[in-house]
Amino acid sequence: MSRAPLPLRADERLIFALDVPDRVQALDWVDRLGDSVAFYKIGMELLASGEYFHVLDELARRDKRVFVDLKFFDIPATAAAVIKRLSQWPVSYATIHGWHPAMMEACAAANSSDMRLLAVTVLTSMGRADLAQMGVDREPVDVVVERALAAQAAGVDGVIASGQEAAPIRAATGSGFSIVCPGIRPGGPVGDDQKRTVGVAQAFADGADAIVVGRPIRLAADPQAAARAIQQEIASALAAR
């Protein structure tokens, strides 16, 4: 059975994508952002440095929440073994792929901590044409909702999905299912590799629990000011719900 969504403070609903190649740059960003960010996503680029868990431990030591975004996908026994080990670390969210119900069930059963598992539905860099090339000739929203329901049935705690699909996911799964939206673009689409994007207020109005933001903060002239502006948008969006 899926766990209830994480109890998050308003400032923990912004997750910064810590997409950097090593520990030094990771912690430099944590220092630079200070108390404007309380939740960090660490992904594949950092894993290749060999310093992944050093950063994870340091984030936890600084009382930051951690999102392990490694999108695990393997046979059920192997994926479950990874989740069992990962649940011993101070992790709030972790991603698995949402394509294989038996694997999702095994991972959910292996999670012995308060970590919430999020199923990857359709990457935000993909559109209908990309799905068609993979043999799935359907609209992304239909695939996403179908996979969200399969994840919920398997006992997974939520999904990571485009904000464009947050409302139909929430309508299909109800209030007790976590929705985390990546690829958020506060100023609207900017022509990068994220194809299915929405703004901050829209994501929360449509039922998101948290959002992941990377480049709009990282590339800002003043990253901390950009993060604080997003935090204010989140607070206003939550007050309006």
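Structure first, text after, so check above.
The residue numbers shown here count from 1 along each chain, following its written sequence. Owing to the predicted nature of the model, reporting of local features is limited to residues with pLDDT of at least 70; listing and counting of side-chain atom pairs is limited to 80 or more, with chain, interface and lining totals taken over all residues. Only hydrogens and water are removed before side-chain values are computed, so all heavy atoms of the structure are retained for them.

Undergrad: A description of the sheet that holds strand E3 (residues 65-72) should follow, citing residues and the corresponding values.
TA: Taken in spatial order, the eight strands line up as E1-E2-E3-E4-E5-E6-E7-E8 and close into a barrel, and their pairing is parallel. Within the sheet, the average angular offset between the axes of one strand and its neighbour, ignoring direction, is 25°. Strands were regarded as paired on the criterion that DSSP finds at least two bridges between them. A run of H or I in DSSP counts as a helix once it spans at least four residues, and a run of E counts as a strand once it spans at least two, with each numbered from the N terminus. Bridge count between strand E4 (residues 93-97) and strand E5 (residues 116-120): five bridges; the pairing is parallel. Note that in E5 the partner of Tyr93 across the bridge is Arg116. Any pair of residues with heavy atoms lying within 4.5 Å of one another is described as a contacting pair. Between N-to-C directions, angles cover 0 to 180 degrees, with each direction set by a line fitted to C-alpha atoms, over the stretch in contact for helices. On top of the sheet, helix H11 (residues 223-240) reaches strand E1 (14-17) and strand E8 (210-213); it is set at about 150° to E1, its chief contact.

Undergrad: Before we move on, can you summarise the packing of aromatic side chains with the specific residues and values?
TA: Between 30 and 60 degrees the pair is tilted, below 30 it is stacked and above 60 it is edge-to-face, where a pair is any two Phe, Tyr or Trp rings, Trp via its six-membered ring, whose centres lie within 6.5 Å. As enumerated under the stated definition, the model contains six aromatic pairs in all. Look at Phe39 and Tyr93: their rings are 5.5 Å apart centre to centre, the planes differ by 10°, and that puts the pair in the stacked class. Of this pair, Phe39 sits in strand E2 (residues 39-42) while Tyr93 sits in strand E4, placing them 54 residues apart in sequence. Both rings, one in Phe67 and one in Tyr93, keep their centres 5.7 Å apart while their planes meet at 70°; by these two values the pair is edge-to-face. One end of the pair, Phe67, is in strand E3; the other, Tyr93, is in strand E4, and 26 residues separate them in sequence. Of the two residues, Phe67 and Tyr93, neither departs from the other in class, the shared state being buried. Aromatic rings pair up to connect Phe16, Trp29 and Tyr40 into one cluster. In our convention, an over-ring charge means Lys NZ or Arg CZ found within 6 Å of a ring centre and within 35 degrees of that ring's normal. Between Arg147 and the ring centre of Trp99, over which it is positioned, the NZ or CZ distance is 3.6 Å. Only protein chains enter the accessibility calculation, which uses a 1.4 Å probe. A residue is then buried if its area is under 20% of the maximum for its type, exposed if over 50%, and partly exposed in between.

Undergrad: Could you give an account of a nonpolar patch on the surface, with specific residues and numbers?
TA: A cluster of nonpolar side chains, Phe73, Trp99 and Met134, forms an exposed patch at the surface whose accessible area comes to about 320 Å². Looking at the element boundaries, Met134 is found in the loop between helix H6 (128-133) and helix H7 (140-153). Here a patch means residues that are over 30% exposed by relative accessible area and free of salt bridges, tied together within 9 Å if like-charged and within 5 Å if nonpolar (Val, Leu, Ile, Met, Phe, Trp, Tyr). Surface accessibility in these figures is a Shrake-Rupley result with a 1.4 Å probe; residues are shielded only by whichever protein chains are displayed. When a carboxyl oxygen of Asp or Glu lies within 4 Å of a side-chain nitrogen of Lys or Arg, that pair is called a salt bridge.

Undergrad: Which residues make up the nonpolar core, and what values do they have?
TA: The biggest cluster of nonpolar side chains holds 64 residues, and the ones touching the most others in it are Leu14, Leu18, Ile42, Val68, Val159, Ile169 and Ile211. The element that contributes the greatest number of residues to this core is H7, accounting for five residues. As used here, the term nonpolar core means buried Ala, Val, Leu, Ile, Met, Phe, Trp, Tyr and Cys residues forming a set that is joined through side-chain atoms within 4.5 Å.

Undergrad: So, the packing of helix H1 (residues 23-33) against helix H3 (residues 52-61): which residues are in play, and what are the values?
TA: The N-to-C vectors of H1 and H3 enclose an angle of 20°; their axes lie 10 Å apart at closest approach. Looking at the two axes, H1 sits roughly parallel to H3. Judged by the sense of rotation from one axis to the other, the crossing of H1 with H3 is right-handed. Residues Arg23, Ala26, Leu27 and Val30 of H1 form the contact with H3, whose participating residues are His54, Val55, Glu58 and Leu59. Throughout, the ten residues Ala, Val, Leu, Ile, Met, Phe, Trp, Tyr, Cys and Pro are labelled nonpolar, Asp, Glu, Lys and Arg are labelled charged, and all others, Gly among them, are labelled polar. Class assignment of the residues belonging to the contact of H1 with H3 gives a composition of five nonpolar, one polar and two charged. Any angle that falls under 35 degrees is termed roughly parallel, while one over 145 is termed roughly antiparallel, one within 65 to 115 roughly perpendicular, and all others oblique. Throughout, a crossing is termed right-handed when the near helix is turned clockwise from the far one, and left-handed when it is turned anticlockwise from it by less than a right angle.

Undergrad: Which residues make up H11, and what values go with them?
TA: Between its terminal C-alpha atoms H11 stretches 26 Å, which fits the 26 Å expected from 18 residues at 1.5 Å a residue. Elements in contact with the buried residues of H11: E1, H1, helix H9 (200-205), E8 and helix H10 (215-218). Here, expected helix span is obtained from the residue count minus one, scaled by 1.5 Å.

Undergrad: Got a sec to walk through the pattern of salt bridges? Specific residues and values, please.
TA: As enumerated under the stated definition, the model contains 13 salt bridges in all. The salt bridge involving Asp19 is made with Lys41; its shortest N-O contact spans 3.9 Å. Here the residue Asp19 occupies a position in the loop between E1 and H1, and Lys41 occupies one in strand E2, the gap between them amounting to 22 residues. A salt bridge links Glu58 to Arg62; its shortest N-O distance comes to 2.8 Å. Residue Glu58 is classed as buried on the basis of its relative accessible area, which comes to 13%. Salt bridges linked by common partners bring Arg9, Asp11, Glu12 and Arg65 together as one network.

By themselves these figures say nothing about function.
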